[in-house]
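Each chain is listed here by its residues.
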Amino acid sequence: IPDDDLKVGFTVQSGLKSKPKRNYLKRKLRELWRLNYRDFDFCGKLVIIIKLIASNQDFVSLEKDFRILLKKISE
C-alpha cells in the first residue's frame, strides 16, 4: 500500500499451532529484514508472511530467497 512512511509487519502462515516455532520463524524473518532492507528502496506498508516450509531451511538459503523477494517488491 503506497504511503510516505515505511511500515512493515511480520507474520507466519496460518496452520502452525506451536507458539515457540511460530515466534522462532518471526525472529528469523525480522533478522532477515534487518540485514537486508537497506539495500532496497521501499515506501508504504508491507506485510511479509513466512511459510511453514521455511522452518526446514537454513538461514543462508532463506536469506537468498528473501533477497529475491525484496528485489521483486522494490521494482
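Residues numbered from 1 in each chain as written. Predicted model: local features only at pLDDT ≥ 70, side-chain atom pairs only at ≥ 80, totals over all residues. Heavy atoms only, no water.

Quick look at the packing of aromatic side chains now. Summed over all chains, the structure comprises two aromatic pairs. Ring plane angle 65 degrees and centroid distance 6.4 Å describe the contact between Phe-10 and Trp-33, whose orientation is recorded as edge-to-face. Within this pair, whereas Phe-10 is found in strand β1 (residues 6-12), its partner Trp-33 is found in helix α1 (residues 19-36), the two being separated by 23 residues in sequence. With a relative accessible area of 9%, Trp-33 lands in the buried category. (Phe/Tyr/Trp six-rings, centres within 6.5 Å; stacked < 30°, edge-to-face > 60°. Helix = DSSP H or I, 4+ residues; strand = E, 2+ residues; numbered from the N terminus. Buried < 20%, exposed > 50% of the residue type's maximum accessible area, 1.4 Å probe, protein only.)

This part takes up the environment of Phe-59. Structurally, Phe-59 can be placed in helix α2 (residues 59-74). By relative accessible area, which is 29% here, Phe-59 ends up partly exposed. Through-space distance from the C-alpha of Phe-59 to that of Glu-31 is 9.9 Å; in sequence the pair is 28 residues apart. With residues near it in sequence (within four places) discarded, Phe-59 still touches Lys-28, Glu-31, Leu-32 and Leu-35. (Contact = heavy atoms within 4.5 Å.)

A few words now on the layout of surface pockets. Estimates place the volume of the largest pocket at around 270 Å³. Lining the largest pocket are 16 residues, with Ile-49, Ile-50, Asp-65, Phe-66 and Leu-69 sitting closest to its centre. (1 Å grid on protein atoms, 1.4 Å probe; cavity = no way out; pocket = protein on both sides within 12 Å on 5 of 7 lines; lining within 4 Å. Points joined across faces, edges and corners; volume = space filled by probe spheres on them.)

On to the pattern of salt bridges. As enumerated under the stated definition, the model contains two salt bridges in all. With a closest N to O distance of 2.6 Å, Glu-31 and Arg-34 form a salt bridge. Taken together, the residues span about one helical turn, with Glu-31 and Arg-34 both in helix α1 at a distance of three residues. Taking relative accessible area as the criterion, Glu-31 reaches 29% and is therefore assigned partly exposed. The residue Arg-67 makes a salt bridge to Asp-39 at a minimum N-O spacing of 2.9 Å. Remark: Asp-39 occurs in the loop between α1 and β2 (44-50) and Arg-67 occurs in helix α2; sequence separation between them is 28 residues. With relative accessibility at 31%, the residue Arg-67 sits in the partly exposed group. (Salt bridge = Lys/Arg side-chain N within 4 Å of Asp/Glu carboxyl O.)

Here the focus is the confidence of the model for the chain. Averaged over all residues, the pLDDT of the chain equals 85, while 96% of them reach at least 70. By mean pLDDT, the top-scoring element of the chain is α1 (90), and the lowest-scoring one is β2 (85). (pLDDT = per-residue confidence, 0-100.)

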